[in-house]
Amino acid sequence: MKITTTGSLGNVAKPLVKKLVAAGHQVTVITTKAERKDEIEALGAVAAVGSISDVSFLTSAFSDADAVYAMMPPSMGPSNMIQNIADAGQAYAQAIKAAGVPRVVMLSSVGADAAEGTGLVQGVHRVEQIFRELSGVNITILRSGFFYVNFFRDIPLIRNMNIFGNNYGGDDQLALTHPDDIAAAAAEELQAKGNGFEVKYIVSDISTGNKIAALFGPAIGKPELTWTAIPDEQLKQGMLSAGLPPELAGLITELGQGVRAGIVTKDFFATSGKARGQIKLEQFVEEFKSRYQQA
């Protein structure tokens, strides 16, 4: 097959490209960074350098593709982030239609069923709605849980201040996913025909902040580590102090509020509620420990 992937060589895209190349497919990798070209070609794929907001570029990159893997950056630009994500989704849709792509697999997120109250996830909600309007193409939406690897961002606070937490409670249910499980699911779906417009959840494990702290703490030599529920304003100010744009800080805070209110995981637990991924938190602990020791 001829398959075009987006996401350059990110947490999901790189293992996905490796799987597709190993399966014998011709893979074109879209990247915004020309310096990634050699690394992409070293994997046995072809690099297409350009913007995912450029319809003509995307149409060319999608031309003759049997399948396309579409993902959106977690944020785009310093402001109007949700609209920017929706605009990029519209560019994808126009290019998919113009190129006549028959099969699309899109990476989305838990909470994408909700139109509001989910922070940046509202962006992929809008892209899902745009893709839903496409005709003559089999589309599978893979809604991921929160990435395990995002916990790497907590390492400086854990190391320096012994704080591990977010603006939701330690007993709030979390749907979590390892990027390798997403790559495996995406590879499988890209090689399948699909059946109209489908939504599938890819979740590796279900846990809580308290349970995660109890796993991570002993592994990194901090058995006393506990989950901290951080007040909204304190969380936002911390992000602003770290240099995050105000809009992004506000949207991340809103996402945590959505977890707290049960909005983010409501549809997952109502329609699936099962962790089908292979990589559980107990396995990821070793990755976290290794990263912590390197920090």
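It should be emphasised that the depicted structure is a prediction, and the values quoted were computed from it without experimental measurement. (Residues numbered from 1 in each chain as written. Predicted model: local features only at pLDDT ≥ 70, side-chain atom pairs only at ≥ 80, totals over all residues. Heavy atoms only, no water.)

A.B. asks: Hey, could you run me through the sheet that holds strand β5 (residues 103-109) in this one?
C.D. replies: Strand pairing in a sheet takes place through backbone hydrogen bonds and is either antiparallel or parallel in direction. Taken in spatial order, the seven strands make up an open sheet running β3-β2-β1-β4-β5-β6-β10, and their pairing is parallel. Looking at which strands have only one partner, the edges of the open sheet turn out to be β3 (46-49) and β10 (197-202). When strand polarity is set aside, the average angle formed by the axes of neighbouring strands in this sheet is 20°. Sheet topology places strand β1 (residues 2-5) next to strand β4 (residues 67-70); three bridges connect them, and they run parallel. Each bridged residue has a counterpart across the sheet, and for isoleucine 3 the counterpart in β4 is alanine 67. On the sheet, helix α3 (residues 55-62) packs against β1, β2 (26-31), β3 and β4 and is oriented at approximately 165° with respect to β2. Packing against the sheet, helix α7 (residues 179-190) makes contact with β1, β4, β5, β6 (138-144) and β10, and its axis sits at approximately 155° to β5. (Pairing = 2+ DSSP bridges. Helix = DSSP H or I, 4+ residues; strand = E, 2+ residues; numbered from the N terminus. Axes fitted to C-alpha atoms, helices over the stretch in contact; angles between N-to-C directions. Contact = heavy atoms within 4.5 Å.)

A.B. asks: Help me out: how do you make sense of the packing of aromatic side chains in this one?
C.D. replies: Both the distance between ring centres and the angle between the ring planes are used here to describe each pair of aromatic rings. Evaluation of the coordinates by the stated rule reveals 15 aromatic pairs. For the pair phenylalanine 216 and phenylalanine 288, a centre-to-centre distance of 4.0 Å together with 10° between the ring planes defines the contact as stacked. Of this pair, phenylalanine 216 sits in helix α8 (residues 209-219) while phenylalanine 288 sits in helix α12 (residues 281-294), placing them 72 residues apart in sequence. Note on phenylalanine 216: relative accessible area 0%, which makes it buried. By relative accessible area, phenylalanine 288 is classed as buried at 1%. One aromatic cluster is present, built from ring pairs that chain together Tyr148, Phe151, Phe152, Phe164, Tyr168, Phe216, Trp227, Phe284 and Phe288. (Phe/Tyr/Trp six-rings, centres within 6.5 Å; stacked < 30°, edge-to-face > 60°. Buried < 20%, exposed > 50% of the residue type's maximum accessible area, 1.4 Å probe, protein only.)

A.B. asks: I would appreciate a short explanation of the sheet that holds strand β7 (residues 146-147) in the present structure.
C.D. replies: Taken together, the three strands give an open sheet; going across it, the order is β7-β9-β11, and neighbouring strands pair in mixed fashion. Lying at the two open borders of the sheet, with one neighbouring strand each, are β7 and β11 (205-207).

A.B. asks: Would you take a moment to explain the layout of surface pockets for this structure?
C.D. replies: Gaps left between atoms show up when a probe the size of a water molecule is rolled over them. Here the second largest pocket defines a volume of roughly 170 Å³. Every residue lining the second largest pocket is counted, 13 residues in all, and those nearest its centre are Ala93, Lys97, Glu133, Leu134 and Ser135. In terms of residues, the lining of the second largest pocket owes the most to one element, helix α4 (residues 81-99), which gives five residues. Of the residues assigned to the lining of the second largest pocket, the class counts are six nonpolar, five polar and two charged. (1 Å grid on protein atoms, 1.4 Å probe; cavity = no way out; pocket = protein on both sides within 12 Å on 5 of 7 lines; lining within 4 Å. Points joined across faces, edges and corners; volume = space filled by probe spheres on them. Nonpolar A, V, L, I, M, F, W, Y, C, P; charged D, E, K, R; others polar.)

A.B. asks: How should I be thinking about empty space enclosed by the protein in this particular structure?
C.D. replies: Across all of its chains, the model carries one cavity of 30 Å³ or more by this definition. Lining the largest cavity we find Val110, Phe146, Gln173, Leu174, Ala175, Val259, Val264 and Thr265. Looking at side-chain class alone, the lining of the largest cavity contains six nonpolar, two polar and no charged residues.

A.B. asks: Quick question: what am I supposed to make of the side chain of serine 207 here?
C.D. replies: Relative to the assigned elements, serine 207 resides in strand β11. If we skip the residues at most four places from it in the chain, serine 207 touches Asp172, Gln173, Leu174, Leu176, Ile212 and Leu281.

A.B. asks: Got a minute to help me understand the nonpolar core in this structure?
C.D. replies: One recurring pattern in soluble globular proteins is that nonpolar side chains are buried together. By size, the foremost hydrophobic cluster in this structure holds 32 residues, and its most contacted members are Leu58, Phe62 and Phe131. Those elements giving two or more residues to this core turn out to be α3, β4, α4, β5, α5 (121-132) and β6. Among the elements that take part in this core, α4 stands out by supplying seven residues, more than any other. Ignoring anything within four residues of it in the chain, the contact list for phenylalanine 131 reads Ala70, Gly89, Tyr92, Ala93, Ile96, Val104, Met106, Ile139 and Phe197. Listed in part, the 30 residues of the second largest apolar core include Phe151, Phe164, Tyr201 and Val264. (Core = buried A, V, L, I, M, F, W, Y, C linked by side-chain atoms within 4.5 Å.)

Read these as spatial facts, not as claims about activity.
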